[in-house]
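Listed here are the chains, written in short residue letters.
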Amino acid sequence: MSARVLVVDDVLANVKLLEARLSAEYFDVVTANCGMQALEICERAECDIVLLDVMMPDIDGFEVCRRLKSNPKTHFIPVVMVTALDSPADRVRGLDAGADDFLTKPVSDVVMIARR
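Described below are features of the structure shown in this document. This is a predicted model, so every value here is computed, not measured.

Conventions adopted
- Residues numbered from 1 in each chain as written.
- Predicted model: local features only at pLDDT ≥ 70, side-chain atom pairs only at ≥ 80, totals over all residues.
- Heavy atoms only, no water.
- Helix = DSSP H or I, 4+ residues; strand = E, 2+ residues; numbered from the N terminus.
- Buried < 20%, exposed > 50% of the residue type's maximum accessible area, 1.4 Å probe, protein only.
- Contact = heavy atoms within 4.5 Å.
- Areas by Shrake-Rupley, 256 points an atom, 1.4 Å probe, with all protein chains shown as cover.
- Lys, Arg positive; Asp, Glu negative; His and termini not counted.
- Salt bridge = Lys/Arg side-chain N within 4 Å of Asp/Glu carboxyl O.
- Polar contact = N/O pair within 3.5 Å; in protein donor to acceptor, adjacent residues only side chain to side chain.
- Disulfide = S-S within 2.5 Å.
- Expected span 1.5 Å × (residues − 1).
- Arc of directions from axis to C-beta.

1. Looking at the overall build of the protein chain
- If you tally the helices and strands in the protein chain, you get five helices and five strands.
- Order of helices (α) and strands (β) in the protein chain, N terminus to C terminus: β-α-β-α-β-α-β-α-β-α.
- A total of 116 residues make up the protein chain; the buried ones form 44% of that total.
- Partitioning the intrachain contacts of the protein chain with sequence separation of at least 6 by distance along the chain shows that 56% fall at a separation of at least 24.
- Entry remark: accessible area of the protein chain is about 6,100 Å², with carbon and sulfur atoms responsible for 57%.

2. A word on the side chain of Asp 90
- The topology assignment puts Asp 90 in helix H4 (residues 88-96).
- At 5.2 Å, Arg 93 is the nearest oppositely charged side chain to Asp 90, a buried residue that forms no salt bridge.
- A polar contact is formed between the side chain of Asp 90 and the side chain of Ser 87, at a distance of 2.9 Å.

3. Topic: the state of the cysteines
- Summed over all chains, the structure comprises zero disulfides.
- Cys 42 provides the cysteine sulfur closest to Cys 47, a residue in no disulfide bond, and the two sulfurs are 3.6 Å apart.

4. Remarks on helix H1 (residues 12-24)
- Look at H1: 18 Å from first C-alpha to last across 13 residues, which is about the 18 Å you get at 1.5 Å a residue.
- For H1, the complete set of buried residues consists of Val 15, Leu 18 and Leu 22. Relative to the axis of H1, the buried residues are bounded by an arc of 75 degrees and lie together on one face. Away from its buried face by more than 90 degrees, H1 exposes Leu 12, Ala 13 and Ala 24.

The structure is reproduced here in structure tokens:
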């Protein structure tokens, strides 16, 4: 059985790109286009790991991560921030929110798959 990966991004092209890359590696991919949708999917235990964009219109990725990590039902779901933000301050902010890892877009296939 392959891991179910939740890809969260408000830009459809980014979602489709990650979905194609992960599907090619035999991951089961679930997608969400906003923070609230991601929280609902995680609450229903429909994913094993979250690849989470930071800059989204409803709830930013930092807040989504904070909510996931503060909820006993979703606390142990690994969260990888996948974002165009690349400053050390952004990385610290992501880690402070509870992120397990931080990848900068564009994400290399090798780097992403190595995070299995």
